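# Tertiary structure, described
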Amino acid sequence: SLCGATFLIFNGFQIIVQFAFFIIIFYLYNGDTVAAGHWPAWFGTVSALATAFLVIPIITIMSQKIDKKNAFIVATLISMVGYALKWWGFNPENPFLMFIPIPLMSFGIGGLFTLMMSMTADVCDLDELENGTRREATFGAVYWWMVKLGTAVALLTSGAVLNLVGFDQNATAQTADVLTRLRLADIIIPVTTGLIAILVIWKYDVTEARANEIRELLIAKRGNIYAENAEKP
């Protein structure tokens, strides 16, 4: 469930990450790259800053208050609201509005990488308790393989979506219908993958209380093993 949720959230984000660049240039500035200036770069910069300095601290507090899984679900829902607000945030009459959805959208990726590695560690503890061996390297390898797979799939899917909406990369301007379809895809894709990710993670049952219990059992188990080995001649 952790790998599936990661694949969906990260893939949904990666598919549409370049769409903002095209929407800013062709929708806000009608293809005028000079007038668009540094707006696309600022959009990405503000997103990164919001994730690092706003979202991660909030997610950390949330995970302590309402459990990691619930924090992930809430963060994903908040990001979905942020993606939906992009419909109004991208406004040719006021480009500054594009920054309003960013803090909310950042909860998706911020929540993903803040919580998932910690949840993976809890699963490693459970696996060790049940099977007697520590296999975090295997779990980590599988997890990051899913991230890389998501990136590869996103690159292929992103181009397919642009082709599907009728986007012409060689044109200096796009039609209103093409831009409408592109803006809808920019919202619908991450909202859909976010919703599916919530459904996938729903059955994850290693709560914070259960994780603490598992750690205590592991400490006791390791202590017993150490004592048994110490008694051997």
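What comes next concerns the included structure. Residue indices begin from 1 for each chain and proceed along its sequence in written order. Selection of residues for local features in this predicted model requires a pLDDT of at least 70, selection of side-chain atom pairs for listing and counting requires 80 or more, and totals for whole chains, interfaces and linings are taken over all residues. Where side-chain values are given, they derive from all heavy atoms of the structure, hydrogens and water being excluded.

### Describing the overall build of the protein
Keep this limit in mind: The secondary structure listing takes helices from DSSP runs of H or I that are at least 4 residues long and strands from runs of E that are at least 2 residues long, numbered from the N terminus. Contacts: residue pairs with any heavy atoms within 4.5 Å of one another. Computed with a 1.4 Å probe, the accessible areas rest on the Shrake-Rupley method; for each residue, only the protein chains presented here act as cover. When charges are tallied, Lys and Arg are placed among the positive residues and Asp and Glu among the negative ones, while His and the ends of the chain are skipped. Just so you know, the charge point we use is NZ for Lys, CZ for Arg, CG for Asp and CD for Glu.
For the protein, the count of helices and strands is nine helices and zero strands. Scanning the protein from its N terminus toward the C terminus, one meets helices and strands in the order α-α-α-α-α-α-α-α-α. Projected onto its principal axes, the C-alpha positions of the protein cover 80 × 30 × 30 Å. Look at the contacts in the protein between residues 6 or more apart in sequence, and 79% of them connect residues 24 or more apart. Within the structure as shown, the protein displays about 12400 Å² of accessible surface, and the carbon and sulfur contribution to it stands at 66%. Of the charged side chains in the protein, 15 are positive and 18 negative; the average position of the first set lies 2 Å away from that of the second.

### Here's the deal with the pattern of salt bridges
Quick reminder of the rule: Here, a salt bridge means any Lys or Arg side-chain nitrogen found within 4 Å of an Asp or Glu carboxyl oxygen. Exposed residues in this analysis have more than 50% of their type's maximum accessible area, buried residues have under 20%, and partly exposed residues fall in between, with area computed by a 1.4 Å probe over protein chains only.
According to the stated counting rule, one finds ten salt bridges in the structure shown. For Glu208, the salt bridge is made with Lys68, and the minimal N-O distance between the two is 3.7 Å. Taken together, the residues span a long stretch of sequence, with Glu208 in helix α9 (residues 208-231) and Lys68 in helix α5 (residues 68-89) at a distance of 140 residues. In this structure Glu208 comes out as partly exposed when scored by relative accessible area, which is 27%. Ionic pairing is found between Lys86 and Asp186, a salt bridge with its closest N-O pair at 2.7 Å. Here the residue Lys86 occupies a position in helix α5, and Asp186 occupies one in helix α8 (residues 176-201), the gap between them amounting to 100 residues. In this structure, Lys86 and Asp186 share a single accessibility class: buried. In the salt-bridge network here, residues are joined through shared partners; they are Lys68, Asp122, Asp125, Glu128, Arg134, Glu136, Glu208 and Arg215.

### Regarding the side chain of Thr51
In plain terms, the rule: Polar contacts, as counted here, are pairs of nitrogen or oxygen atoms within 3.5 Å of one another; within protein the pair requires one atom able to donate a hydrogen and one able to accept it, and residues that are adjacent in sequence qualify only if both atoms are side-chain atoms.
Tracing the chain through its elements places Thr51 in helix α4 (residues 39-66). Assessed through its relative accessible area of 17%, Thr51 is described here as buried. A polar atom in the side chain of Thr51 sits 2.9 Å from the backbone oxygen of Ser47. Residues in contact with Thr51, not counting those within four places in the same chain, are Ile56, Ser106 and Gly110.

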